[in-house]
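# Structural features, examined
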Amino acid sequence: MNNPSTSSGHRTWIPRIVVFQCQYSLYCEADQRWMDIQLPQHIKLIKAPCTGRIGPLFVLNAVQGGADGILISGCLPEQCHFKEGNLGARRQLDEFRRFLTYLGMEEERVRFVWIDLSERGRIQQELADLEETIGAIGPARRLATRAIPAGENL
Amino acid sequence: MYKVLSKADLPRLIERWMEQATVYAPVRQGDFTKFEPLSDPAQADLHYAANTRYPPKSLFLPQSEVMFRVKGGEFESTEDEVSSRVILGIHACDTRALQLLDGVFLAEDYQDPYWAKKREQTTLVVLGCADPCETCFCTSVGSGPFDKRDADVMLIDVGDEYVADVRNEKGQALFDHLPDASQEQIDKSRQVQAAAAAKMRKKPFEGEGIKDKLYGLFDSDFWPRIQQSCLGCGVCTFLCPTCHCFDIVDEAQRNERVRNWDTCMFRSYSLEASGHNPRPTNMERTRQRIMHKYAYFVELYDEIGCTGCGRCVRYCPVDLDIRQIIRSVQSWEEE
Amino acid sequence: MNQLTFAIRQEAARILEENIVDVVIGFKAGILPLKAQPAFITRQEEAEKLMHNGFCQNNLASYLTRRPKGERVGIICRGCESRAVRALVLEHQHDRDKLYLIGVPCTGIIDWRKIEREVGENTLQAVEEGDEVIVTTRDGEHRFQRADVLHDSCQRCLHPNPVGADIVLGDPLPEGDPERAWAPVLEFEALLPEERYACFVQEAERCIRCYACREACPMCYCAECFVDYTTPRWAESMITPSGTQAWHIIRAFHQTGRCVSCGACERACPMDIKMTYLTDKLNYDMGQQYGFEVGASEEEQPPFAAFTLDDKNRFVR
């Protein structure tokens, strides 16, 4: 397994994460501000009006572009600003992850997070957790056919 | 000049060529062959009688060709990324097609540098068809299984050997050191050619007068009828050795300007930025396809733009047959 | 002429004569021995051109979205074609009232590739005789067991009988075996991830982006396909792993809950690329996850259109 790391367990490579975020899913202002301003360099944020807008094409584009991990953050079913947007997304994105896994991608690379309005700090937790998981499975190997070499912009 | 090459010696000859050039030959891939650069002479498959599915025009007009790159803000040309090449085992129909395409790409007023350099650097060692297929109709469009007009060398299979008809200096450079063919071998090669001509299926149509008949039929009911089963895919155009339409795209993500094959059978081909489409339905597009090959090309270059290779006949998903269409054109009477 | 052809001609002539439809879509004898040509007849006298046999390669439902709007269409439908018609009606691509389905229980399509693999490219004649297919080439006669040379999708077919037809010509056939139908998907899944990816790459790299698969598919009817989008550029038109893999992945995915497993895509492909292992997986998942099968019902929406609040506990992490 291609997983460069020192013997102490620290990674020597930085996973590239792409976050697709529904613009309403981070109700807590502090969380949203963190995402807008304090997001680390290796995490790229793309906001959409609703997860319903985030189709498989977005995910595939990120996968092919070389994203090591993808996080999709949306609202809980009853809390969608557009009523049903996130419901449509869930079935499609769930199946799309299953499909990419069928083609050899590691299932852990794509993660969905449905955040309750009242939750705080969840997104940072999830990102940290995702990074650790990705760190363990290594950089994206398959399907990353348009990957730009490390160091350049995603 | 006629030389002789024993089949047993072919791998060694290929190896010799490989010292100076990249050698392409049909290589077996699943159920069919495709022209690939050889890393080992044993890869060449010259026994498979049928043609490659994917046309060798791709070696001169690649399906995706990078025209230039931009690296660190600097323009980087790709014109000179061509090396010396030998194409072994190309059929007469495909060779003829390259000659027809020269009319397009090496015109008086403009020479396409990408095409020109490749043509210059390539020697064509044509393998004549001793066993023409059922779908071949090269004789109807002014060519034939052993049409050697455009070959640098024409190989005729006479059993354990090939008789090589060396046509010019390019060919000589590859075959000069081989022994001359005996009169007996030359006679045998002529017999093979005559036999092949006899094996060719009876001509499905006569090439004479098609252009005028087609022009006369432009507004006819003929076209709405025959286009009904056409799906508007790109199989016929992409497999066709004379089709040459392309689309130029700036791929920003790759910092490259690329030329890709395009097909007149797609709606988007003639779709203009305003939204207007001069060929709005499949009817106009199907009509255009036939007329480009058998009328417009004749108008421009005085040659039929089809070499009768039969790929479109064989691989059309709905069994449309251009031979049948041309026959119908010729016998069509307006009501 | 076989019984089925006779019955088709009669019925086609009748519905034209009685002005029930404006056109009948079926098949007529092809040029190449192992194929047939789609036929479009508008007059009763033309009905004698029609025929039907195992060499009829295409899914005729793909013509429904190509016909002029408002036209009343009679269409010869086998199992998969009739389910595609149902799916198209569900997606409002046609009015059921303007369709007349002449149903034909299907014994499968003969795969010309399997025959040519054995006897070479120059068949002169091909006929079906009972359980056999007799092919004549320049070297003489060759006999095949029909069951051996059916197209892969037909060998795995679950529903050979037409659904929702206005008339059915012929006796019903037994349904297919689900285990056989899904075996290739399960076998593929059992491979290691790197093996699966390697298979996918190997199939996709032959692709020449001719889009014959898309055009042959009854469910691909978008006026503008995602491959033609330039902003964003989802799938570059270049022949590259990126563009081609995106094409295969997304085309299959756009068929989720819509694909009728007819295999027309594979039959149309000039480069012999396998694709049904992708769509079959998606169909399998729709069955497993949502109990859905395309064409089984006239009203049930495909899963991606039928999301509900009840889903909420399904995907909670």
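The shown structure was predicted, so the numbers you read here are calculated from the model rather than taken from an experiment.

What follows is about the overall build of chain B. A count of helical and extended segments in chain B gives 11 helices and 11 strands. Taken over the C-alpha trace, chain B has a radius of gyration of 21 Å; the compact-globule value for 335 residues is 20 Å, and the two agree within 12%. By principal-axis analysis of the C-alpha atoms, chain B measures approximately 60 × 60 × 40 Å. Sorting the 335 residues of chain B into buried and exposed places 42% on the buried side.

A word on the domain arrangement of chain B. All names here are of chain B. Examined at the domain level, chain B breaks down into domain 1 (2-199) and domain 2 (210-331). For domain 1 and domain 2, the distance between their C-alpha centroids amounts to 26 Å. Between domain 1 and domain 2, the contact holds 32 residues from the first and 26 residues from the second. Every element with two or more residues in the side of domain 1 that touches domain 2 is listed here: β4 (64-71) and α2 (92-105). A per-class count over the side of domain 1 that touches domain 2 returns 17 nonpolar, 8 polar and 7 charged.

Moving on, we come to the pairing of strand β1 (residues 17-22) of chain A. All names here are of chain A. Counted residue by residue, β1 has 6 buried out of 6 residues, so it is predominantly covered. Burial along β1 is two-sided: the residues I17, V19 and Q21 and V18, F20 and C22 are all buried. Here β1 runs beside strand β2 (residues 43-48); their pairing, made up of 6 bridges, is parallel. By the bridge assignment for β2, V19 is matched with L45. Once the chain exits β1 it traverses helix α1 (residues 29-37) before rejoining the sheet at β2, and the crossover so formed is right-handed. Taken together, the 5 bridges between β1 and strand β3 (residues 69-75) define a ladder with parallel strand orientation.

Residue and element names in this part refer to chain B. If you walk across this open sheet you meet the 7 strands as β1-β9-β8-β7-β6-β2-β3, and the pairing is mixed. Where the open sheet ends on each side, the last strands, each with one partner, are β1 (2-6) and β3 (32-37). The mean angle between the axes of side-by-side strands here comes to 25 degrees, regardless of whether they run parallel or antiparallel. Here 3 bridges tie strand β2 (residues 22-29) to strand β6 (residues 85-90), and the two strands are oriented parallel to one another.

Conventions used here
For every chain, the first residue of the written sequence is number 1, and numbering continues from 1 along that sequence. All chains are assigned letters beginning with A, and all ligands numbers beginning with 1, in the order in which they are written. A pLDDT threshold of at least 70 governs which residues receive local features in this predicted model, and a stricter bar of 80 or more applies before side-chain atom pairs are shown or counted, although totals over entire chains, interfaces and linings include all residues. Helix and strand assignments come from DSSP, with helices taken as H or I runs of at least 4 residues and strands as E runs of at least 2, each series counted from the N terminus. Here the globule rule is a power law, 2.2 Å times the number of residues to the power 0.38, and the radius of gyration is based on C-alpha atoms. The burial criterion counts other C-beta atoms lying within 10 Å of a residue's C-beta, which is placed from the backbone; the residue is buried at 20 or more, exposed at 12 or fewer, and partly exposed between these limits. Residue ranges assigned to the domains are those given by an automatic or database domain assignment. Note on contacts: residues are paired as contacts if their backbone-placed C-beta atoms lie within 7 Å. Under this grouping Gly is polar, as are all residues other than the nonpolar Ala, Val, Leu, Ile, Met, Phe, Trp, Tyr, Cys and Pro and the charged Asp, Glu, Lys and Arg. A pair of strands counts as paired when DSSP detects no fewer than two bridges linking them. Orient the strands so they point away from the viewer, and a crossover whose first-strand-to-second-strand path over the helix runs clockwise is right-handed. For helices, the fitted axis covers only the stretch in contact; all axes are lines through C-alpha atoms, and the angles between them, taken along N-to-C directions, range from 0 to 180 degrees.

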